[in-house]
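Observations on the model geometry
Spelled out from the first residue to the last, the chains are:
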Amino acid sequence: MADRRRNNGPPGGSKPLLYSCMIKSAPNKPTRPTRTRKPDELRKIYLKTGITPPASGSAYLELESPHHSPTFLLPSSSALKLSVAVHGPRPLARSAAYSPHLALSCYVKFTPFATRHRRGYLRDPTEKDLSTQLETALRGVIIGERYPKTGVDVCVTILEGEEDRWWAEEPLGGAASVGGWGLFGVLAGCVTAASAALVDAGIDCIDLVSGGVAALVARPLGNGDDDGKRDDGVGGEVVLDPNPTEHENIVAACVVAYVASKDEVTLLWLRGGSSSETSEKLMDGAVSAALASRGVLEEALKETALLKFSEED
Amino acid sequence: MSNLDILLPGALLVPAGKATPGPGTHIQNNQITASVLGRASTAKSSLNSTTRSKGSTSVSVLRPASRQTAPVLPSVGAQVYAKVTSLQRQQATCSIHALVPPSAAALPRLDSDVSSTPTEGSLEPRALATSFRGIIRSQDVRATEKDKVKLGDCFRVGDVVRAVVISLGDQGGYYLSTAGNEYGVVIAWSEAGNGCVPVSWREVLDEKTGLREARKVAKPI
């Protein structure tokens, strides 16, 4: 009879797990992906509308995927793939009170396989927080007075989310364990794609809104001063559209949703950045990143319109 | 057509004084600005007492018409086609399935920047992507003898009614009215389940059984 009072080990005995990244002189030690873009250069964006036919409006956004190293099964850095569907305007629920404006509700959901850490099927607090932020960003551009007593649902499904850090660092912890940097890029992508989907649905907006991210990257820990990295005078280098797997030491990041024609920011999320000088630099960087992604947004929507009008003629 | 004809939301059209904003536009920094994706169109606005004295052209942005999902919503003055879903003593509940937006000329255009209804002016009924709830109160069924209306003698569950939206209503549904010759039942089914033809403004005839039933009949167009 087995001993059920004590928590005994397995009968066969086992070896502790040993990851190759823990061995200092492993033969094929993984190397951190490096940023090959210029600091002010964004990853290539693929944006297309009208990919979910039952929805009133939809969009799909994908960021350029990194090169895959043949040595390891795991992709060395992460990418972003997300799809947005806009449903409505449709009547409010029977129990909802009269509303003279459009009732906007956003649902951001990671698929269970979106990140290295498996996500649940229910919405977790992170996803709820992203939903609220996206709602704030979009509320600023929709002309809600034109749609009384109706609601619009914006559903974002993230098929692949950005990681918070490089996978080989995960067992190590340490300074790199400050998490959440991946959410910035995800939120910016959500804003840009949701704006495209809203316009595709034909909902009145004052302007397009696009998202942009900038991050402050400090020198890697333990490195000397002279490693060829630029210093922007705020304790590090400001990079646009950072891929968190490529940087060891992100100290601050900022995401904005920017409305270009009014020069307005409908959403600002800043983390880290102790001085006002840092924050200002980051915000300026994020706005210029948003302006750059707006260019892609405009081109994608013009394509949509050409397609729709050519069907009509 | 070229790329240049297409306007994105936020594209500037003309200064606000030069024209009146039509559907698909709004005013921003004293400039008429596009608010939907589409093509610009200008039309001579018909003069009525409430439009600006200049009576200049009205500028609007037309969405591509090929998509059935361009948002159409019931608004006051819109003609709707609705199916009666339940009858009570005081009111009939129905679900609105199609509507003809109020034409731009028939409604006084307000000067406020966001008050114009987001509809394009065509007289064809447009199917709605989702049905909306409508309510016909007994006092809105006909214009005369309002207090003698018995809803059971005016509608039957399943009938298709042509009506006009008189109010956005409360949380329950849009208030509809069938007062007027052109409003009322357009498709009726008898108690036996057969289709009916109108014989007078208040009666329909089941051609199979020869029985007459009471309805508030719309004048055939």
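Residues numbered from 1 in each chain as written. Chains lettered and ligands numbered in written order. Predicted model: local features only at pLDDT ≥ 70, side-chain atom pairs only at ≥ 80, totals over all residues. Heavy atoms only, no water.

This brings us to the overall build of chain A. The helix and strand inventory of chain A stands at three helices and nine strands. In chain A, the order of α-helices and β-strands from amino to carboxyl end is β-β-β-β-α-β-α-β-β-β-β-α. When each of the 313 residues of chain A is scored for burial, the buried share is 51%. Contacts spanning at least 24 positions in sequence make up 73% of the contacts within chain A whose residues lie at least 6 apart. (Helix = DSSP H or I, 4+ residues; strand = E, 2+ residues; numbered from the N terminus. Buried < 20%, exposed > 50% of the residue type's maximum accessible area, 1.4 Å probe, protein only. Contact = heavy atoms within 4.5 Å.)

This paragraph deals with the side chain of Q133(A). Residues and elements named next belong to chain A. The residue Q133 is located in helix α1 (residues 125-139) in this model. Take Q133: its relative accessible area is 11%, and that puts it in the buried class. Each residue touching Q133, except ones within four places of it in the same chain, is listed here: L187, L267 and W269.

Residues and elements named next belong to chain A. Tallied over the full model, the rule gives seven cavities of 30 Å³ or more. Forming the boundary of the largest cavity are 16 residues, of which I45, L63, A188, G211 and D241 lie nearest the centre. For the lining of the largest cavity, the secondary structure elements donating two or more residues are β2 (57-63), α2 (181-201), β6 (210-217) and α3 (276-312). Partitioned by chemical class, the residues of the lining of the largest cavity number seven nonpolar, six polar and three charged. If you add up the space inside the second largest cavity, you get close to 110 Å³. (1 Å grid on protein atoms, 1.4 Å probe; cavity = no way out; pocket = protein on both sides within 12 Å on 5 of 7 lines; lining within 4 Å. Points joined across faces, edges and corners; volume = space filled by probe spheres on them. Nonpolar A, V, L, I, M, F, W, Y, C, P; charged D, E, K, R; others polar.)

This brings us to the pattern of salt bridges. Once the charged atoms of two side chains with opposite charge are near each other, the side chains can pair. Residue and element names in this part refer to chain A. Counting across every chain of the model gives 21 salt bridges over all chains. Between D153 and R90 there is a salt bridge, with the nearest N and O atoms lying 2.5 Å from each other. Highlighted residues: D153 in strand β5 (residues 150-160) and R90 in strand β3 (residues 81-91), separated in sequence by 63 residues. Judged by relative accessible area, D153 falls into the buried class, the value being 15%. It is possible to trace a salt-bridge network through shared partners that takes in R37, R43, E162, D241 and E246. (Salt bridge = Lys/Arg side-chain N within 4 Å of Asp/Glu carboxyl O.)

This part covers the sheet that holds strand β14 (residues 196-200) of chain B. Residues and elements named next belong to chain B. Here three strands make up an open sheet; going across it, the order is β14-β15-β16 and the pairing antiparallel. The open sheet is flanked by β14 and β16 (212-214), the only strands paired with a single partner. In this sheet, adjacent strand axes meet at a mean angle of 35 degrees when their direction is disregarded. Looking at chain direction, β14 and strand β15 (residues 203-206) are connected through four bridges and run antiparallel. In the strand pairing of β15, V197 is matched with L205. (Pairing = 2+ DSSP bridges. Axes fitted to C-alpha atoms, helices over the stretch in contact; angles between N-to-C directions.)

Right, let's talk about the packing of aromatic side chains for a bit. According to the stated counting rule, one finds four aromatic pairs over all chains in the structure shown. Where W181(A) meets F184(A), the ring centres are 5.9 Å apart and the plane angle is 35 degrees; that geometry is what we call tilted. In this pair, W181(A) and F184(A) both sit in helix α2, three residues apart, roughly one turn of the helix. Each member of the pair, W181(A) together with F184(A), is buried. The interplanar angle of 75 degrees and the centroid separation of 5.9 Å between the aromatic rings of F132(B) and Y174(B) together place this pair among those described as edge-to-face. Of this pair, F132(B) sits in strand β10 (residues 126-137) while Y174(B) sits in strand β12 (residues 174-177); the two residues are 42 residues apart in sequence, bridging distant segments of the chain. (Phe/Tyr/Trp six-rings, centres within 6.5 Å; stacked < 30°, edge-to-face > 60°.)

Quick look at the interface of chain A and chain B now. How big an interface is tends to be stated in terms of accessible area lost as the parts join. Facing 42 residues of chain A, the contacting portion of chain B comprises 40 residues. The junction of chain A with chain B conceals about 3,400 Å² of combined surface from both sides, 61% of it contributed by carbon and sulfur atoms. Together, R146(A), K149(A) and F309(A) form the three largest contributors to the area buried by chain A at its contact with chain B, with a combined 21%. Our enumeration of links across chain A and chain B arrives at one salt bridge. With a shortest N-O distance of 2.8 Å, D204(A) and R63(B) are connected by a salt bridge. Counting across the chain A and chain B interface gives eleven residue pairs in polar contact (both at pLDDT 80 or more). Counting residues per element, the ones that place at least two in the side of chain A that touches chain B are β3, α2 and α3 of chain A. For the side of chain A that touches chain B, the element with the highest residue contribution is α3(A), accounting for nine residues. In terms of residue class, the side of chain A that touches chain B is built from 21 nonpolar, six polar and 15 charged. (Buried area = accessible area lost by both parts, 1.4 Å probe. Polar contact = N/O pair within 3.5 Å; in protein donor to acceptor, adjacent residues only side chain to side chain.)

This brings us to the packing of α2(A) against α3(A). Residues and elements named next belong to chain A. Taken N-terminus to C-terminus, the directions of α2 and α3 make an angle of 25 degrees; their axes are 10 Å apart at the nearest point. The pairing of α2 with α3 is recorded here as roughly parallel in orientation. With respect to the hand of their crossing, α2 and α3 are arranged in right-handed fashion. Judged by residue contacts, T192, S195, A196, V199 and D200 of α2 engage S293, L297, L301, T304 and K308 from α3. (Parallel < 35°, antiparallel > 145°, perpendicular 65-115°, else oblique. Left-handed = near helix turned anticlockwise from the far one by under 90°.)

Residue and element names in this part refer to chain A. Where nonpolar side chains cluster on the molecular surface, the patch consists of V265, L268 and L270 and spans about 220 Å² of accessible area. Inspection of the secondary structure puts L268 in strand β9 (residues 264-271). The exposure class assigned to L268 is partly exposed, which follows from its relative accessible area of 43%. (Patch = residues over 30% accessible without salt bridge, like charges linked within 9 Å, V, L, I, M, F, W, Y side chains within 5 Å. Areas by Shrake-Rupley, 256 points an atom, 1.4 Å probe, with all protein chains shown as cover.)

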